[in-house]
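Chain by chain, the residues:
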Amino acid sequence: MNDRALLTVISGFAGSGKGSAMKGLLEKYPDTYALSVSATTRAPRPGEVDGREYFFLSDEAFEEKIRAGELLEHAGYVGHYYGTPRAYVEENLAKGKDVLLEIEIQGALQIKKKFPSACLLFLTPPNADELKRRLIGRGTEDEETVKKRLSRAAEEADGMEQYDYLVVNDNLEDCVETIHRIIQSEKNKVSRCLDEIQSIREGVHAFS
Ligand code: 5GP
């Protein structure tokens, strides 16, 4: 029906499985979605590649991008900057791709202000204990960082009502399908299809 591209923000606690859900979505629907690669000043984790997981930048280079207006949004998270490069998002929306931003809550709210029609999804593990287990089990952060990320999760939990949809990630495959269905249904909302409605209406009225 409505083939206009949708900008979707996906947030969730560290350890909610956002990364795996995004990967699953891109693997299953490669022609539909484009995932924005963020810029960050945090160090790469083992296996992360510059330009694939993130653009890894120095503080100076990141601040220069802010000054140059090259970021759609940016935020501080556990001692580092994170931000969304503007050009990729604008180019892919123009191509008709549904663009995904996997970002934290401060950035999500900036996007909602700039793009009121953006759809905001919050991803959560089934319960808090599972969140802690996943975060520790991941083994990619030291104890201090895990603590900071858990306390940041508490802050994020207070903002969950500001999102449009809540998705519980109990099973990865179901979670990917749920996100896909939400995004595609969102595009059929009457409020997003006013041009199509007008055109069909004119056609139908022409009969009488
Ligand atoms: P991580 O260091 O675990 O990759 O990401 C930490 C947090 O930063 C996650 O909640 C992730 O969603 C968020 N994040 C990643 N990229 C961006 C971005 O471009 N902007 C904002 N605001 N948050 C981001």
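Residues numbered from 1 in each chain as written. Predicted model: local features only at pLDDT ≥ 70, side-chain atom pairs only at ≥ 80, totals over all residues. Heavy atoms only, no water.

**Observations concerning the site of the ligand**
Then, number 1: Around the ligand sit 16 residues, and of these Ser38, Arg42, Tyr54, Tyr82 and Glu104 come closest.
Then, number 2: Taking Thr84, its main chain carries an N or O atom lying 3.4 Å from an oxygen atom of the ligand.
Then, number 3: A total of 510 Å² of accessible area belongs to the ligand in isolation, and the protein chains cover 95% of it.
Then, number 4: Looking at the shell around the ligand, the elements that each hand over two or more residues are strand E5 (71-77) and strand E6 (80-85).
Then, number 5: Broken down by class, the residue content of the shell around the ligand amounts to 5 nonpolar, 4 polar and 7 charged. (Near = heavy atom within 4 Å. Polar contact = N/O pair within 3.5 Å; in protein donor to acceptor, adjacent residues only side chain to side chain. Areas by Shrake-Rupley, 256 points an atom, 1.4 Å probe, with all protein chains shown as cover. Helix = DSSP H or I, 4+ residues; strand = E, 2+ residues; numbered from the N terminus. Nonpolar A, V, L, I, M, F, W, Y, C, P; charged D, E, K, R; others polar.)

**A word on the sheet that holds E6**
Then, number 1: Spatially, the 4 strands line up as an open sheet ordered E4-E3-E6-E5, and their pairing is mixed. Two strands bound the open sheet, and with one partner strand each, they are strand E4 (54-56) and E5. Each neighbouring strand pair of the sheet contributes to a mean axis angle of 25 degrees, computed without reference to strand direction.
Then, number 2: Here E5 runs beside E6; their pairing, made up of 6 bridges, is antiparallel. Its bridge partner being in E6, Ala75 is matched across the sheet by Tyr82.
Then, number 3: Relative to E6, helix H3 (residues 86-94) is tilted by about 30 degrees, and along the sheet it contacts E5 and E6. (Pairing = 2+ DSSP bridges. Axes fitted to C-alpha atoms, helices over the stretch in contact; angles between N-to-C directions. Contact = heavy atoms within 4.5 Å.)

**Some details on the nonpolar core**
Then, number 1: By size, the foremost hydrophobic cluster in this structure holds 18 residues, and its most contacted members are Leu7, Val9, Leu101 and Ile111.
Then, number 2: For this core, the elements supplying multiple residues, two or more each, are strand E1 (7-12), strand E7 (98-102), helix H4 (105-114) and strand E8 (119-124).
Then, number 3: With 3 residues, H4 is the largest single contributor of residues to this core.
Then, number 4: What Leu101 contacts, discounting residues up to four positions off in sequence, is Leu7, Thr8, Val9, Ile10, Ser36, Thr84, Val89 and Ile111. (Core = buried A, V, L, I, M, F, W, Y, C linked by side-chain atoms within 4.5 Å. Buried < 20%, exposed > 50% of the residue type's maximum accessible area, 1.4 Å probe, protein only.)

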